[in-house]
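# Tertiary structure, described
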Amino acid sequence: MNIGEAATAAGLSPRMVRHYEKIGLTPKALRRDSQYRDYSTNDVHRLRFIARARDLGFSIDEIGELLVLWSDQTRASADVKALATAKIANLRDRERALHAMRRSLEHLVATCSGDDRPDCPIIEELAGSVG
């Protein structure tokens, strides 16, 4: 199938398929005589794997590790679990940071009168003026 068909089947854009090939997450696609990329069902399966991993928040490097484990029939599931467990910890840290940012913004919005005057605690905080 061509890149558009493969991308659609994997739930990706053709641009992302090219990007994953460029950075080595997928092998270079076979080329037809016309030099258009030609994708197999195995290629689409790999692209779906990558898309699912991205949806779960795995980084490109982590996806590379997961792909190595996926293709290793002698892998230990403990290795896969360790990667997923580390990702959970990372997501929790990011969640805490996002929560703190939201609370800070909520506080700033609550202290801003939002009227016609130029005084604004939000701008002052961003400028480093509020203590």
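Figured I'd write up the structure that's included with this text. Keep in mind that this is a model prediction, so the values were computed, not measured. (Residues numbered from 1 in each chain as written. Predicted model: local features only at pLDDT ≥ 70, side-chain atom pairs only at ≥ 80, totals over all residues. Heavy atoms only, no water.)

### A few points about the environment of Ile60
Rules: Secondary structure elements follow DSSP: runs of H or I of four or more residues count as helices, runs of E of two or more count as strands, with numbering from the N terminus. Contacts are assigned to residue pairs with any non-hydrogen atoms lying within 4.5 Å of each other.
With respect to the helices and strands, the residue Ile60 is situated in helix α4 (residues 60–71). In sequence terms Ile60 and Val80 are 20 residues apart; their C-alpha atoms lie 15 Å from each other. Apart from the residues within four sequence positions on either side, Ile60 is in contact with Tyr20, Ile23, Leu25 and Arg54.

### Section: helix α5 (residues 77–111)
Our working rule: Helix span, as expected, comes to 1.5 Å for every residue beyond the first. Buried, partly exposed and exposed residues are distinguished by accessible area as a fraction of the type maximum, computed with a 1.4 Å probe on protein chains only: under 20%, between the cut-offs, and over 50%, respectively.
Over its 35 residues, α5 extends 51 Å from the first C-alpha to the last, a length consistent with the 51 Å expected when each residue adds 1.5 Å. Of the positions making up α5, those classed as buried are Leu83, Lys87 and Leu108. Next to the buried residues of α5 lie α4 and α6 (121–127).

### Comments concerning the packing of aromatic side chains
So the rule is basically this: Each aromatic pair joins two rings of Phe, Tyr and Trp (for Trp, the six-membered one) with centres within 6.5 Å, and gets the label stacked for planes under 30 degrees apart, edge-to-face for over 60, and tilted for any other angle.
Evaluated as defined, the whole model comprises 1 aromatic pair. Seen from their ring centres, Phe49 and Trp70 are 4.4 Å apart, and the 10° between their planes marks the pair as stacked. Of the two residues, Phe49 is situated in helix α3 (residues 41–55) and Trp70 in helix α4; the sequence distance between them amounts to 21 residues. Taking the relative accessible area as the measure of exposure, Trp70 reaches 28% and is therefore partly exposed.

### Section: the nonpolar core
Worth spelling out the cut-off: Take the buried residues of types Ala, Val, Leu, Ile, Met, Phe, Trp, Tyr and Cys, join any two whose side-chain atoms come within 4.5 Å, and each joined set is a nonpolar core.
The biggest cluster of nonpolar side chains holds 22 residues, and the ones touching the most others in it are Leu12, Val17 and Ile63. Among the secondary structure elements, those contributing two or more residues to this core are α1 (3–10), α2 (14–22), α3 and α4. The element best represented in this core is α3, accounting for 6 residues. In this structure Val17 touches Ile3, Ala7, Leu12, Tyr39 and Leu47, once residues within four positions along its chain are discounted.

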